[in-house]
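Results of the structural survey
Listed below, chain by chain, are the residues.
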Amino acid sequence: MRILVFVLVILALCACVFGRSIPQLRTIYMGDSIFDVGTNKYVKNSVSHCDFVPYGETRYAKPFGRCSDGFIIPDLINKALGLPFSRPFLGLKAEDQVFPSINFASDGSGLLDSIHSDWGVVPFSEQLKQLREFSMKKNLNDFVVVISSGGNDIAANLQNIMDVDLESLEKGLQQLHEYGFRKIINSSVGPLGCSPIVTSGGNCVSEINNLVRQFNTQARGIVLRAAERLPGMRSAFVDGYSPIKSFVENPIQFGFTHKNTLSEFDLQFRGKKWIILLNAWDSKVLQMLALDDNPTIESIQDSEDSKIIEQECFRDMWKLKVEPFPV
């Protein structure tokens, strides 16, 4: 659903700019790990990247830098538009810069330069500088710029949400217009309160989601005002928050057969065979059942043993090869 919305918006923006005749589209992606296809592999000493197993095993047979086991949103958008998958700008040679889809997004980055500045990421402001370099002496009429950024800013400032200054987004849109881009799409931040790292038993954290909605409302206003005040600009704001939250809260409607958040794994550990009861939402070990002559149940939450077992179970979860939804 979210991909369909992106594609329809892209086509609508092109129709607004060019009339009924829509030229060959080209895409540019900016933002964070939601869009990153391997940028940080080319950043010296970066500690924020996803170019290791088990990432990428299902769709690509090996990791390429996407923070996913399969396709990410730019892949699906390009596939729907008939374009090849985007490539990291930092990995391109000069002769490759005519490629129809270029990616500037950086895992761990934010709208604010201070976000994970010691991780070796490319913040939004630096992505804009790279894009300026790329845009020199090019016909930009064919390009649609798609942005997904802000989630890391919120996550790093949960206690001080007012520190997340959206002025950087507003200035960024202004700069893109000055570079010559006229078609820009900004995606909302998803429901961070439903992320496995913060959920409890599969229940979303409403306090965090309220902050995200507040951020999205402000970002939407900035994007839509840009279309009104910048000559020739066609901008759109895509709501990714609502469909993702529906997916998390109503999994049965989207093809899952049950809502059980507990998983069992067999594991050899400490010289015994165990059955592990695992919370599938956050990969936390709840109980262990030792299968020996005298079966015993142990609760080892937050112990050193649980950390070792969680890593093993996490890898087994990746190996399940759950068939993704058709695209």
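Further up the page is the structure itself.
These numbers come from a predicted model, not from an experiment. (Residues numbered from 1 in each chain as written. Predicted model: local features only at pLDDT ≥ 70, side-chain atom pairs only at ≥ 80, totals over all residues. Heavy atoms only, no water.)

On to the pattern of salt bridges. Here the structure, examined in full by the defined rule, presents three salt bridges. The partner of Arg66 in a salt bridge is Asp75, with the nearest N and O atoms 2.8 Å apart. Across the pair, Asp75 and Arg66 agree in class, each one buried. Here Glu170 and Arg229 are joined by a salt bridge, their closest N and O atoms 4.0 Å apart. (Salt bridge = Lys/Arg side-chain N within 4 Å of Asp/Glu carboxyl O. Buried < 20%, exposed > 50% of the residue type's maximum accessible area, 1.4 Å probe, protein only.)

Further remarks concern the packing of helix α6 (residues 167-179) against helix α7 (residues 206-229). Where α6 meets α7, the closest approach of the two axes is 10 Å, and the angle between their N-to-C directions is 30°. For the element pair α6 / α7, the angle class is roughly parallel. Between α6 and α7 lies a crossing whose hand is right-handed. Residues Leu169, Glu170, Leu173 and Gln174 of α6 touch α7, and the partners they reach there are Ala219, Ile222, Val223, Ala226 and Arg229. (Axes fitted to C-alpha atoms, helices over the stretch in contact; angles between N-to-C directions. Helix = DSSP H or I, 4+ residues; strand = E, 2+ residues; numbered from the N terminus. Parallel < 35°, antiparallel > 145°, perpendicular 65-115°, else oblique. Left-handed = near helix turned anticlockwise from the far one by under 90°. Contact = heavy atoms within 4.5 Å.)

Under the definition given, this model contains two disulfides. A sulfur-sulfur distance of 2.1 Å marks the disulfide that ties Cys50 to Cys67. On the sign convention where negative is left-handed, the bridge of Cys50 and Cys67, at about 80° about the S-S bond, is right-handed. In this pair, Cys50 sits in the loop between β1 (26-31) and α2 (57-60) while Cys67 sits in the loop between α2 and α3 (73-81), placing the two residues 17 residues apart along the sequence. Owing to a relative accessible area of 25%, Cys67 belongs among the partly exposed residues under this scheme. One disulfide in the model links Cys194 with Cys204; its S-S distance is 2.0 Å. Note on the Cys194 and Cys204 pair: the S-S dihedral is about 110°, so by sign convention the disulfide is right-handed. With a gap of 10 residues between them, Cys194 in the loop between β5 (183-187) and α7 and Cys204 in the loop between β5 and α7 connect regions that are remote in the sequence. Sequence-ordered numbering of the bonded cysteines in the chain gives a pairing of 1-2, 3-4. (Disulfide = S-S within 2.5 Å.)

The backbone phi angle of Asn45 is positive, close to 65°, even though this residue is not glycine. Note that Asn45 resides in the loop between β1 and α2. Its identity as a non-glycine residue notwithstanding, His116 has a phi of 50°, on the positive side. The residue His116 is located in the loop between β3 (101-103) and α4 (124-135) in this model.

Let us now look at the environment of Lys62. Relative to the elements of secondary structure, Lys62 occurs in the loop between α2 and α3. Separated by 11 residues in the primary sequence, Lys62 and Asp51 have C-alpha atoms spaced 8.5 Å apart. Beyond its immediate sequence surroundings of up to four residues, Lys62 is in contact with Tyr55 and Gly56.

α6 packs onto α4 with a crossing angle of 0° between their chain directions and a minimal axis gap of 11 Å. On the basis of their axis angle, the class for α4 and α6 is roughly parallel. Residues Phe124, Leu128, Lys129, Leu131, Arg132 and Ser135 of α4 lie in contact with α6, whose contacting residues are Ser168, Leu169, Gly172, Gln175, Leu176 and Tyr179. Of the residues that constitute the contact of α4 with α6, the class distribution is six nonpolar, four polar and two charged. (Nonpolar A, V, L, I, M, F, W, Y, C, P; charged D, E, K, R; others polar.)

The strand order across the open sheet formed by six strands is β2-β3-β1-β4-β5-β6, and the pairing between neighbours is parallel. The sheet is open, and its two borders are formed by β2 (87-88) and β6 (234-238), each paired with just one other strand. Pairing of β5 with β6 involves five bridges; the strand directions are parallel. Considered in β6, the bridge of Ile185 is made with Ala236. Contacts between α7 and the sheet are confined to β5 and β6, with β6 contributing the most and set at about 165° to the helix. (Pairing = 2+ DSSP bridges.)

Glancing now at the packing of aromatic side chains. In the structure shown here, the tally under the stated rule is seven aromatic pairs. Note on Phe71 and Phe85: the rings are 5.5 Å apart at their centroids and 65° apart in plane angle, and the pair reads as edge-to-face. Separated by 14 residues along the polypeptide, Phe71 in the loop between α2 and α3 and Phe85 in the loop between α3 and β2 bring together distant segments of the chain. For Phe85, a relative accessible area of 29% puts it in the partly exposed group. With a centroid separation of 6.3 Å and 90° between ring planes, the pair formed by Phe89 and Phe134 is classed as edge-to-face. (Phe/Tyr/Trp six-rings, centres within 6.5 Å; stacked < 30°, edge-to-face > 60°.)

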